Amino acid sequence: MQDAIWSRTLLPATRDALLASDPLPTTADVVVVGAGLVGLCAALSLRRRGVDKVVVMDRRSVCGESTGASAGGLWPGHECLTLASPDIARNARDLHAALREEFACDYVGCGVLRLMDEGEASRGLARVERTRKAGFAAELLTGGDLAACEPLLRHAGAAIRFPGDGSIHPLKLAAGIAEWLRGNGVKICLNAEVLGIAPAPIAVTTSAGRMAAGSIVVAAGAWTPLLTKMLGWRPPIRPIRGTLLATDKQPAGTLRSIVIGQRYYYWQLACGPLAGGGSEEDVGFEAGSDGAVAADIRREWGSLFPSLRGLRFTSCWSGFRPFCEDMQPVIGRVPGCDGVYVSAGHFRKGILLAPLSGELLADQLLENRQWRSAKAFRPDRFPLAAQLCQ
Ligand SMILES: Cc1cc2nc3c(=O)[nH]c(=O)nc-3n(C[C@H](O)[C@H](O)[C@H](O)COP(=O)(O)OP(=O)(O)OC[C@H]3O[C@@H](n4cnc5c(N)ncnc54)[C@H](O)[C@@H]3O)c2cc1C
C-alpha cells in the first residue's frame, strides 16, 4: 500500500504504537493471525470474555493492509439490504456505536447520499421503504431538497439519504483497540509471518519462532486461504484491489455527506481532506495503482462537483479487500479442524462488520454457539470439492 491518508494524519506517537511489537511468547490460549481490524476485534472480544493469554500476530504492522487502506465507511443503513439479515445490520451498527463511545476514532455521522439516475425514483422509494422496515432511517431527495443537502453537487436525478451512516478514521480506532489489548495483557507480535499451522496439537511456525496454542483464529484478510490450505481447506476468498485518492485539507463542510455516485464514492475526513474512489480491480495481489482508474475517479468527481474540479489529489493508494465469492464473510470453525477458526472474507464491509465478527467468533470459540441470523457466515457452507486447493 502506498501513501494512505490515514497514517499521514496520525500523531507520530500513535503511528509508532501501530509499529511497536511485543516479543513472541512460546504459548498462548488463543493466537489470532492477522492484526487487521477483524483480528483486533476478535482479540478484544476474546480477552473481554476472560481468555487469559491472547496473542495477535502479523507479518507487518497493525492494520497495515486492507484496514489501513479502507475508506473507514460505516454504512449500515445503505448496506442493510445486502447483509445476511436486518438483525446482522442492526447488531453491526449498535456494536460499532458502543466501540466508538470507548475509543476515539474521528467519527463523522454525516449520512450517506446514494445518487440515482433520473427515472430511478420509483425504485428508490421501494428501497427507502425496505430500509425503514429493516430498522434504518432513509428518505428520497430530489430537486431543491437534494441541492440544499449537498450544495456543491450537480446531479439531475434523485438520491436516497441514509442519515444514520458515517465514517471513521480506521487507524485511530485500531490504535485505541491495540492500546486496550496491550494494557490488558494481550501480546501483539509484529513482523512475525505465519509460515505453518499444525492442527493437533495446535501450533504455529512463524518467521519469529514457534508457538503452541489452545486455539487459533485465522483473520488474515485476503491472505486467509493461503494459510488454511495448509489444513486442506481453502475458502473461496481472493483479493479485489480498491483505489482511493485524497486532497490536502479543505474547509470544513466542503462536502456535507458521503456521496455515492454511479461508480465511486466521495467524502470529507474529519481532519479536512476530501477523498474518493473505491474501485473494484480484479488484479490478484498486484500492488500499486492504475493511472487509468485514478483518472476515472477524477472524471466522475469533476462531473459531480464541477466547482471542485481544480483541486489536486495529493494521495493515491490501494489495498486488497478480502472478497468471498458469495459476498458474505466466513466466520467459525474450520471444517474438520478442532480448535482452528477463521474470520475473513468481509470484502467491502470489514470496518463495519469487525466488532460484530469478533462477538460471533467468541460465541463460537468459547460457547460453541452460533447466531441463527449469522448462519450465512458458516465456513462449512462451501462444498468440500471447492475447498480443496484450487
Ligand atoms: C479501498 C478500500 C476501501 C474500503 N472501504 C471500506 C469501507 O468504507 N467500509 C468498510 O466496512 N470496509 C471497507 N473496506 C474493506 C475493509 O477494509 C476490509 O473488509 C477489512 O479491512 C478487512 O479486515 P481484515 O482484518 O480481515 O483484513 P486486513 O486489514 O487486510 O488484515 C489482514 C492482516 O493479516 C496479515 N497477514 C496476512 N498473512 C499473514 C501471515 N501469513 N502471517 C501473519 N500475518 C498475516 C496482514 O499483514 C494483515 O495485516 C475497504 C477496503 C479497501 C481496500
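Residues numbered from 1 in each chain as written. Predicted model: local features only at pLDDT ≥ 70, side-chain atom pairs only at ≥ 80, totals over all residues. Heavy atoms only, no water.

Moving on to the site of the ligand. The environment of the ligand is made up of 36 residues, and the closest members are Asp-58, Thr-67, Gly-73, Val-194 and Phe-347. Note that an oxygen atom of the ligand is positioned 2.6 Å from one of the side-chain N or O atoms of Asp-58. In the environment of the ligand, an oxygen atom lies 3.0 Å from a nitrogen or oxygen atom belonging to the backbone of Leu-352. Burial of the ligand by the protein amounts to 98% of the accessible area it has alone, namely 1000 Å². Those elements that place two or more of their residues in the shell around the ligand are α3 (37-48), α4 (66-69), β12 (237-249), β16 (313-324) and α12 (350-367). When grouped by side-chain class, the residues that make up the shell around the ligand number 17 nonpolar, 12 polar and seven charged. (Near = heavy atom within 4 Å. Polar contact = N/O pair within 3.5 Å; in protein donor to acceptor, adjacent residues only side chain to side chain. Areas by Shrake-Rupley, 256 points an atom, 1.4 Å probe, with all protein chains shown as cover. Helix = DSSP H or I, 4+ residues; strand = E, 2+ residues; numbered from the N terminus. Nonpolar A, V, L, I, M, F, W, Y, C, P; charged D, E, K, R; others polar.)

A word on the packing of helix α6 (residues 86-102) against α12. Axis separation between α6 and α12 bottoms out at 8 Å; the angle between their running directions is 95°. One element, α6, and the other, α12, form an angle in the roughly perpendicular class. Judged by residue contacts, Ile-88, Asn-91, Ala-92, Leu-95, His-96 and Leu-99 of α6 engage Ile-351, Leu-352, Leu-353, Pro-355, Leu-356 and Glu-359 from α12. Broken down by class, the residue content of the contact of α6 with α12 amounts to nine nonpolar, two polar and one charged. (Axes fitted to C-alpha atoms, helices over the stretch in contact; angles between N-to-C directions. Parallel < 35°, antiparallel > 145°, perpendicular 65-115°, else oblique. Contact = heavy atoms within 4.5 Å.)

Time to look at the domain arrangement of the chain. The assigned domain composition of the chain is domain 1 (5-69 + 171-237 + 326-387) and domain 2 (109-165 + 238-324). One C-alpha centre belongs to domain 1, the other to domain 2; they are set 30 Å apart. On the side of domain 2, 23 residues touch domain 1, which itself brings 22 residues to the contact. In this assembly, domain 1 packs against domain 2 so that about 1900 Å² is buried in total across both faces, 65% of it on carbon and sulfur atoms. (Domains from an automatic or database assignment. Buried area = accessible area lost by both parts, 1.4 Å probe.)

Moving on to unusual backbone geometry. A cis amide bond links Ala-200 with the next residue in sequence, Pro-201, at an omega value of -5°. Summarising the element assignment, Pro-201 is placed in the loop between β9 (194-199) and β10 (202-206).

Now for the pattern of salt bridges. For the structure on display, the rule yields 22 salt bridges. Among the ionic pairs, Asp-363 bridges to Arg-49, the shortest N-O distance being 2.8 Å. Pair noted here: Asp-363 is in helix α12 and Arg-49 is in the loop between α3 and β2 (54-57), with a separation of 314 residues, a long-range link. With a relative accessible area of 2%, Asp-363 lands in the buried category. Owing to a relative accessible area of 30%, Arg-49 belongs among the partly exposed residues under this scheme. Notably, a salt bridge pairs Arg-49 with Glu-367, separated by 3.4 Å at the nearest N-O pair. (Salt bridge = Lys/Arg side-chain N within 4 Å of Asp/Glu carboxyl O. Buried < 20%, exposed > 50% of the residue type's maximum accessible area, 1.4 Å probe, protein only.)

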